[in-house]
Amino acid sequence: MSRFGISVLIVCLLLSAGAKAIEAPSAVAPGEAFLLRVPGRAKEACLLKHCFPLVSLGPEARGFVAVPYGASPGRAVLEVHFASGKRARVGLNIIPKTFPEEHLKLPPKMVTFDKKTLARIKRERARLLEALKPVTREEPYLGPFVRPVEGRLSSPFGLRRILNGQPRSPHMGVDFAAPEGTPVVAFGDGQVVLTGDFYLSGRTVVINHGLGLYSIYCHLKEIVVTEGDKVRRGQRIGLVGRTGRVTGPHLHFGVSLTGLRVDPLSLITLRPFSVRKETSHGTEGL
Ligand SMILES: [Zn+2]
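What counts and what doesn't
Residues numbered from 1 in each chain as written. Predicted model: local features only at pLDDT ≥ 70, side-chain atom pairs only at ≥ 80, totals over all residues. Heavy atoms only, no water. Salt bridge = Lys/Arg side-chain N within 4 Å of Asp/Glu carboxyl O. Buried < 20%, exposed > 50% of the residue type's maximum accessible area, 1.4 Å probe, protein only. pLDDT = per-residue confidence, 0-100. Contact = heavy atoms within 4.5 Å. Core = buried A, V, L, I, M, F, W, Y, C linked by side-chain atoms within 4.5 Å. Helix = DSSP H or I, 4+ residues; strand = E, 2+ residues; numbered from the N terminus. Domains from an automatic or database assignment. Pairing = 2+ DSSP bridges. Disulfide = S-S within 2.5 Å. Donors = N, O, S within 2.8 Å, 3.2 Å for Na, K, Ca; no water. Phe/Tyr/Trp six-rings, centres within 6.5 Å; stacked < 30°, edge-to-face > 60°.

Per an unreviewed UniProt entry, the protein chain is named M23 family metallopeptidase, and its organism is Thermosulfuriphilus ammonigenes.

Dropping the structure here:
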């Protein structure tokens, strides 16, 4: 966890109703997600003009919050909205992170597309974005998460790609290198909401985990689930392949939270929060 710069700390704050504690990391890097726990009936948490849904579980509310990839380092305020209309604010430190850069030289015909192909790419992108939109609240899955495949991390999240001297969109997922046919599993419980064979991402599966969290598995050789299937964490959903625009077999794995692309490793390495210790004037971290 420390290599992602997350040190878990318990942040104290005073609400008008009395001393309460909100548990969140004290420092998070751009592109990372974390699990927020709030005592009381909280509906959502907003950070840098982006709001994330929370779900009530007994006496507290929980949900995932992410720092956008392009966020500037420094102090930010996380604002929690309660069902009663009350609001609470917590300071969050966004730590600087330098994403590595990769220069690639490829023949121009590999990086430019004809009109028909461009139209197909645009259509397929719209279909994917549409699939990632709904924020469902039934049976949300809050972790733990597992790596979807055995294999070496071959390309990190946020890699800035420079193709033939031109900056391209950064890498909004992680790549795991693995031989063709290696099993790919669901990184958490959820429902399969999209399967398809796309020009760029090849055979692709999208799983909805609830509360706006989706996982995306690309370049599969084979898909063994169908849209509508409920899957469990660790359940096989397909096999590593080289479909779509790739140079070799690997799994491109992405995570989207209410439309924000986040580093999947920040969720896979999510650790349980420390136990809260009540004190006379609030709550302290251990
Ligand atoms: Zn990738």
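Structure's up, so let's keep going.
So what about the pattern of salt bridges? Which residues, and what values?
Taken as a whole, this structure holds twelve salt bridges when the rule is applied. For the salt bridge of E60 with R62, the shortest nitrogen-to-oxygen distance reads 2.5 Å. A relative accessible area of 8% means that E60 is categorised as buried. Residue classification places R62 among the partly exposed residues on the basis of a relative accessible area of 24%. Through salt bridges with shared partners, a single ionic network connects R37, E60 and R62.

Describe the confidence of the model for the protein chain, listing the residues and the values that go with them.
Confidence in the prediction of the protein chain, expressed as mean pLDDT, is 87, and 87% of residues score 70 or more. Confidence drops under pLDDT 50 across residues 1-19; counting only partners more than four residues distant or on other chains, this segment forms 57 contacts. Below a pLDDT of 50 lies the segment residues 273-286, which in the model reaches 31 contacts outside its immediate sequence neighbourhood of four places, other chains included.

Requested: an account of the nonpolar core, with residues and values cited.
Judged by nonpolar contacts, the single largest core of 61 residues is most densely connected at L36, V80, Y217, I237 and F253. A per-element tally of this core places strand β4 (residues 33-39) first, with five residues. Per-domain counts for this core show at least three residues from each of domain 1 (2-98 + 277-284) and domain 2 (101-268). Those residues in contact with F253 that lie beyond four places of it in its chain are P148, G173, V174, F176, F187, S215, I216, Y217, P264 and I268.

Give me the lowdown on the sheet that holds strand β13 (residues 160-163), citing residues and values where you can.
The strand order across the open sheet formed by three strands is β11-β13-β14, and the pairing between neighbours is mixed. Either end of the sheet is taken by a strand with one partner, and the two such strands are β11 (101-104) and β14 (166-167). Looking at chain direction, β13 and β14 are connected through two bridges and run antiparallel. Looking at the pairing, I162 lines up with P167 of β14.

Describe in detail the state of the cysteines, supporting the description with residues and values.
Counting across every chain of the model gives one disulfide. With a sulfur-sulfur separation of 2.0 Å, C46 is cross-linked through a disulfide to C51. Disulfide C46 to C51: torsion about the S-S bond roughly 105°, handedness right-handed. Exposure remark for C46: the relative accessible area of 10% places this residue in the buried category. C51 gets classed as partly exposed once you look at its relative accessible area, which sits at 34%.

Give a description of the coordination of the zinc ion that names residues and reports values.
Looking at the metal site, the zinc ion is ligated by H171 (NE2), D175 (OD) and H252 (ND1), spaced 2.0 to 2.1 Å from it. Along the chain, the residues that donate to the zinc ion are spaced as H-x3-D-x76-H. A residue pair is termed long-range when its members are at least 10 positions apart, and H171 in the loop between β14 and β15 (174-177) and H252 in strand β22 (residues 250-257) qualify at 81 residues.

How would you sum up the environment of A61? Please name residues and give values.
Position of A61 among the secondary structure elements: in strand β8 (residues 60-66). A relative accessible area of 0% means that A61 is categorised as buried. Residues A61 and F82, spaced 21 residues apart in sequence, show a C-alpha to C-alpha distance of 9.6 Å. With near-sequence residues (within four places) excluded, A61 lies in contact with L36, R37, V38, G40, A42, L54, V55 and S56.

Which residues make up the packing of aromatic side chains, and what values do they have?
Taken as a whole and assessed by the stated rule, the structure comprises nine aromatic pairs. Between the aromatic rings of F113 and Y199, the centroid separation amounts to 5.7 Å while the plane-to-plane angle is 90°, which identifies the pairing as edge-to-face. Here F113, found in the loop between α1 (108-111) and α2 (115-131), pairs with Y199, found in the loop between β17 (190-198) and β18 (202-210); they are 86 residues apart in sequence, far enough to count as distant. By relative accessible area, which is 23% here, F113 ends up partly exposed. Their ring planes at 70° and their centres at 5.2 Å tell us that F187 and F253 sit as a pair that is edge-to-face. Of the two residues, F187 sits in the loop between β16 (183-185) and β17 while F253 sits in strand β22, which places them 66 residues apart along the sequence. Across the pair, exposure class does not vary: F187 and F253 are buried alike. Through successive ring pairs, a cluster of aromatic residues spans F64, Y141, F145, F187, Y217 and F253.

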